[in-house]
Amino acid sequence: MGVLAQCPVCKTRQSVKKKVCKRCGEDFDKAKAAKRVNYWISYRLPSGKQKQEAVRDSIEDARAADGWDCRGGGIRGDVPRA
Ligand SMILES: [Zn+2]
């Protein structure tokens, strides 16, 4: 499972860890601050099929759905490896 950020410019979905869009170079830090980034979660169904679902502009929802928190002190308090 993973959380994806969708570029507001070219609509490419990619890792939320990216600082700039891998396709068009859009500055994600700025775009996130302006809430222009939509988040998606990707996960695998029991059948093995990959599914991606939009969670709009709430990364908290995405993280809750994914059981993941990147800053620590979150749902599980995990601190991710960079
Ligand atoms: Zn882009």
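Residues numbered from 1 in each chain as written. Predicted model: local features only at pLDDT ≥ 70, side-chain atom pairs only at ≥ 80, totals over all residues.

Things to note about the overall build of the protein chain
Step number 1: Along its length, the protein chain carries two helices and four strands.
Step number 2: Looking at the 82 residues of the protein chain, the share that counts as buried comes to 16%. (Helix = DSSP H or I, 4+ residues; strand = E, 2+ residues; numbered from the N terminus. Buried ≥ 20, exposed ≤ 12 C-beta atoms within 10 Å, placed from the backbone.)

Structural notes on unusual backbone geometry
Step number 1: Notably, Lys11 is not glycine yet its phi reads approximately 70°, a positive angle.
Step number 2: Assignment of secondary structure puts Lys11 in the loop between β1 (2-6) and β2 (13-15).
Step number 3: Positive phi is not limited to glycine here, since Lys35 has a value of about 55°.
Step number 4: One can find Lys35 in the loop between α1 (28-33) and β3 (38-44).

Examining the environment of Arg44
Step number 1: If you trace the backbone, Arg44 turns up in strand β3.
Step number 2: Residue class for Arg44 comes out exposed when judged on the 10 C-beta atoms lying within 10 Å of it.
Step number 3: For the pair Arg44 and Gly2, spaced 42 residues apart in sequence, the C-alpha to C-alpha distance is 9.9 Å.

Structural notes on the nonpolar core
Step number 1: Counting ten residues, the largest nonpolar core consists of Val3, Leu4, Ala5, Cys7, Val16, Cys21, Phe28, Val37, Tyr39 and Ile41.
Step number 2: Of all the secondary-structure elements, those providing two or more residues to this core are β1 and β3.
Step number 3: If you tally residues by element for this core, the top one is β1, at three residues. (Core = buried A, V, L, I, M, F, W, Y, C linked by C-beta atoms within 7 Å.)

Concerning the pairing of β1
Step number 1: For β1, the tally of buried residues reaches four of five residues, placing the bulk of the element in the interior.
Step number 2: Looking at chain direction, β1 and β3 are connected through five bridges and run antiparallel. Across the sheet, residue Gln6 finds its bridge partner in β3, namely Asn38.
Step number 3: Relative to β2, β1 runs antiparallel, the two sharing three bridges. Among the inter-strand pairings, Ala5 is bridged to a residue of β2, identified as Gln14. (Pairing = 2+ DSSP bridges.)

Let's talk about the confidence of the model for the protein chain
Step number 1: When the pLDDT values of the protein chain are averaged, the result is 80; 66% of them are 70 or greater.
Step number 2: Per-residue pLDDT, averaged within each element of the protein chain, yields its smallest value for helix α2 (residues 59-66) (65) and its largest for β2 (93). (pLDDT = per-residue confidence, 0-100.)

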